[in-house]
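Residue strings, one per chain:
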Amino acid sequence: MTRPAAIGVDVGSTTWKAVVLDASGDVLDRIVEIGNPRIEEQTTKNLAVLKERTGAATDIPVGATGYGRKRVAASRVLTEITCHAKGAFRVMRSAGILIDIGGQDSKIIHVEPDGRVRDFAMNDKCAAGTGRFLEVILGRLHVSFDDAPALAARSMRSVAVSSTCTVFAESEVISLVAQGESVEGIVAGLHASLASRIASLAGKFANGTSIWMSGGVALNSVMVDAISKAMGANVRVLPEPQFVGALGAALSVLP
Amino acid sequence: MITRRIQYEIAGNVVGPFLTSLDKWRKKLRPKKKGPKKEHPFGPPLESVNRLKDIMTRYYFQGRYADGAVPVAWVTSGFPVEIFRPLGFWTVYPENHAAICSVQRVVPELSDVVEKEGYARDLCGYARADIGSVMTGKTPVGRLPKPDLLACCTNICQTVLYWYRALAEHFKIPLVLIDTPYVYGEAPEHHRQYVKDQLLELLEVAQKITGKTIEPEALAEVTRKANIGSKLWGRCLDASKNKPAPWTGFDEFFHMAPIVSLRGSDECNDYYRGLAEELEDRVKRGVGGLKKETHRLMWDNLPIWFNVRGMSDLLAQNGFNFVCTTYTNAWYEAGKVIDERDPMGSAAKAYTHIILNEDLPKRLSLMKRLAREYDVVGAVLHSDRSCKPYSIGQYDLKDRLQAEANIRVMVLEADHADPRAFSAEQADNRLTAFMESFA
Ligand code: SF4
């Protein structure tokens, strides 16, 4: 087995992720867990596990990213924007538009042909277009995050949810339920609503460049289809989308 | 009246200077902090800071005793204030006062009061702070003198119109409104005439209130001084065309107070003459606002007053300096147009062509020019929830600037006055990502 050369940690608002890379930047091992508010504790524990599993040296360089990055004792700390771009570029080796829907915020990153960030857009002070939007409203419908895609896929007809604001959408959904609309249809409608918000955020960047998606929401194929439809272009899910940020963080400290 | 006048003179000429000197002694006598000095990324502090503090402390201190002693006018920041000087008016800038409220973080408290009265939180934070301060009497500057006249010019926004109407109702005093039609390209002659006519009416009202007549020579003289002051301010800003810039954009925000509040006075001009000399001397000696300036940026819109400290630290630690801002530049652009040979006509032109009263192509070309002259690599456009006229069009400006000035641009959502419309963590994250993109 090749020797571990760098670790990248991505402390997101909902999940904690890390990857171990060898000197050529290939992933040797990874961990993803639900995020624990005791960030230091969770990080220490998981880094020990990864080091033991891969035989990494105790002083292996660690790159950290994500909203909790400053709580990680790392050799280098970078924002998610830079790390997602680095991670995506490593996989795609070309320019593109990266969509990352996180729990707390969503990012659209324009990656240049040399892998640098040209521009980025994020939702501002608002949960519209974020993973939280889905979480809150699915909770209201008693549908789990994991079951949502299957339910939406089963629906014969998507019910229009016109609000992209989480608070307004929640009350809109309550009245849709009261009107007797099917849960499947509403869930499909929620996907379309979130996709439209993302498309409007990404709209002006997407001028013929390829569009990629990273983050946990990229595992939801119905959402990927909805975004493709809203953007009028094929959205490509990056391999192991949840780890793209951690990969970028690890690459940033790779000797 | 006479005793009030004596109080006012003593406040300005004896107690004010005494207070400022007391402050200096207090600082000197304060025990020096022990232990290793904290490393910071800034160059040596500007000597002029002390003079600035003196001037502004005196201004607000003497202001406390102005009403009853001299006529008092409350004016908007884009108002041709020079006109008032020969008549002996004491002028108060509610916007400047609101900025102090913001730095002191009392805007939420003042805003709560006006929100209960039915004003919307979406209203500009300056207006909320000012009306709140008027309603409660609370202010970090001790006391604001009651106005005899309100003077409002719509060249900055329409908000001021409704805000000053509310003040007029509260104080039951006259409100003079100067309406400046929005400029597309160049203001046509009849627009300028329209504004000039209003300025002449203003003179009449101001003369009636004071019972004095304004001499044409006095008006020409004060116009000349305002023009010199603006040009001196411009000289200070120009110093940052050098590398490294001898000060930071954040310094500029604080040092603009006299050109806003004391335009047309000797005190203002003396101050900027000294500041310009100090800055030019720093340029000669290669002393920068930052110890190490690696990236030069442009700032658009008002500063985030309550967070200037946090942001300047974050940027400075990474070698980023705002070497020019469209905001501080505004007091240079307009003032240099006013001309003693035609005080009213030139004022009409100058105050109509204010950045917030001009169309987007004008703003774009201004920003492109600043970007070129100050040689910046990027720009941060502050999308200010409070100030809609300054924030509208910024996304288009961003695209055009990126493409045509070939610089990196980001939009930062915040507010210039109300910390409740600002998320420090998010702003930090975006600015950091922006800085990382230059790596
Ligand atoms: S809206 Fe803008 S221009 Fe008008 S008072 Fe507020 S900050 Fe000034």
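Residues numbered from 1 in each chain as written. Chains lettered and ligands numbered in written order. Predicted model: local features only at pLDDT ≥ 70, side-chain atom pairs only at ≥ 80, totals over all residues. Heavy atoms only, no water.

Some words on the interface of chain A and chain B
Interfaces are often sized by the accessible area lost when the parts come together.
Part 1 of the reasoning: With 20 residues of chain A at the contact, the number on the chain B side is 22 residues.
Part 2 of the reasoning: When the two sides are added together, the surface that chain A and chain B hide from each other amounts to roughly 1800 Å², 36% of it contributed by carbon and sulfur.
Part 3 of the reasoning: The interface formed by chain A and chain B contains three salt bridges.
Part 4 of the reasoning: Two residues, Arg-408 of chain B and Glu-112 of chain A, come together in a salt bridge whose shortest N-O distance is 3.4 Å.
Part 5 of the reasoning: On inspection of chain A and its partner chain B, the count reaches nine residue pairs in polar contact (both at pLDDT 80 or more).
Part 6 of the reasoning: Breaking the side of chain A that touches chain B down by element, the ones donating at least two residues are helix H2 (80-92) and strand E8 (117-122) of chain A.
Part 7 of the reasoning: With five residues, E8 of chain A is the largest single contributor of residues to the side of chain A that touches chain B. (Contact = heavy atoms within 4.5 Å. Buried area = accessible area lost by both parts, 1.4 Å probe. Salt bridge = Lys/Arg side-chain N within 4 Å of Asp/Glu carboxyl O. Polar contact = N/O pair within 3.5 Å; in protein donor to acceptor, adjacent residues only side chain to side chain. Helix = DSSP H or I, 4+ residues; strand = E, 2+ residues; numbered from the N terminus.)

Points about the site of the ligand
Part 1 of the reasoning: Within the structure, the ligand sits among 13 residues, and Cys-124, Cys-157, Trp-163, Cys-387 and His-416 of chain B are positioned closest to it.
Part 2 of the reasoning: Counted by class, the shell around the ligand contains nine nonpolar, three polar and one charged residues. (Near = heavy atom within 4 Å. Nonpolar A, V, L, I, M, F, W, Y, C, P; charged D, E, K, R; others polar.)

Some thoughts on the sheet that holds strand E1 (residues 72-75) of chain B
Residue and element names in this part refer to chain B.
Part 1 of the reasoning: Within the open sheet, the four strands sit side by side as E2-E1-E3-E4. Their pairing is parallel. Here the strands that pair on one side only, and so sit at the sheet edges, are strand E2 (90-92) and strand E4 (175-178). With strand direction ignored, the average angle separating the axes of adjacent strands in the sheet is 25°.
Part 2 of the reasoning: Summarising the sheet, E1 and strand E3 (residues 149-153) pair through three bridges and their orientation is parallel. Bridging across to E3, Val-75 finds its partner in Ala-151.
Part 3 of the reasoning: Contacting E1, E3 and E4, helix H6 (residues 159-171) runs over the sheet at an angle of about 170° to E3. (Pairing = 2+ DSSP bridges. Axes fitted to C-alpha atoms, helices over the stretch in contact; angles between N-to-C directions.)

Looking at a nonpolar patch on the surface
Part 1 of the reasoning: On the surface, Ile-6, Ile-10 and Val-14 of chain B cluster together to form a nonpolar patch covering roughly 250 Å² of accessible area.
Part 2 of the reasoning: Relative to the elements of secondary structure, Val-14 of chain B occurs in helix H1 (residues 2-29). (Patch = residues over 30% accessible without salt bridge, like charges linked within 9 Å, V, L, I, M, F, W, Y side chains within 5 Å. Areas by Shrake-Rupley, 256 points an atom, 1.4 Å probe, with all protein chains shown as cover.)

Description of the packing of aromatic side chains
Residues and elements named next belong to chain B.
Part 1 of the reasoning: Throughout the structure, instances matching the rule amount to 22 aromatic pairs over all chains.
Part 2 of the reasoning: Ring centres of Tyr-182 and Tyr-184 lie 5.1 Å apart, and the angle between their planes is 65°; this geometry places the pair in the edge-to-face category.
Part 3 of the reasoning: Consider the rings of Trp-233 and Trp-247, whose centres lie 6.1 Å apart with planes at 80°: the pair is edge-to-face. Of this pair, Trp-233 sits in helix H8 (residues 216-238) while Trp-247 sits in the loop between H8 and helix H9 (249-255), and the two are 14 residues apart along the sequence. Side by side, Trp-233 and Trp-247 carry an identical accessibility label, which is buried.
Part 4 of the reasoning: Each residue in the set Phe-250, Phe-253, Phe-254, Trp-299, Trp-305, Phe-322, Tyr-327 and Trp-331 is aromatic and connected to the rest through ring pairs, giving one cluster.
Part 5 of the reasoning: In this arrangement the basic side chain of Lys-336 is found over the ring face of Tyr-332, its NZ or CZ atom lying 4.4 Å from the centre.
Part 6 of the reasoning: Positioned over the ring face of Phe-438 is Arg-408, at 5.7 Å from the centre of the ring. (Phe/Tyr/Trp six-rings, centres within 6.5 Å; stacked < 30°, edge-to-face > 60°. Buried < 20%, exposed > 50% of the residue type's maximum accessible area, 1.4 Å probe, protein only. Lys NZ or Arg CZ within 6 Å of the ring centre and 35° of its normal.)

Quick notes on the environment of Tyr-67 of chain A
Residues and elements named next belong to chain A.
Part 1 of the reasoning: Following the sequence through the fold, Tyr-67 ends up in the loop between strand E4 (62-65) and strand E5 (76-77).
Part 2 of the reasoning: For Tyr-67, a relative accessible area of 39% translates into the label partly exposed.
Part 3 of the reasoning: Taking C-alpha positions, Tyr-67 is 5.7 Å from Gly-12, a pair spaced 55 residues apart along the chain.

Focus: helix H5 (residues 166-178) of chain A
Residues and elements named next belong to chain A.
Part 1 of the reasoning: Over its 13 residues, H5 extends 18 Å from the first C-alpha to the last, a length consistent with the 18 Å expected when each residue adds 1.5 Å.
Part 2 of the reasoning: Burial in H5 covers these residues: Thr-166, Ala-169, Glu-172, Val-173 and Leu-176. Within H5, the buried residues cover an arc of 120° as seen down the axis, which keeps them to one side. Turned more than 90 degrees away from the buried face of H5, the exposed residues are Val-167, Phe-168 and Ala-178.
Part 3 of the reasoning: Buried positions along H5 lie against helix H3 (131-140) and helix H6 (183-202).
Part 4 of the reasoning: Gly-180 lies just past H5 and shows a positive phi near 90°. (Expected span 1.5 Å × (residues − 1). Arc of directions from axis to C-beta.)

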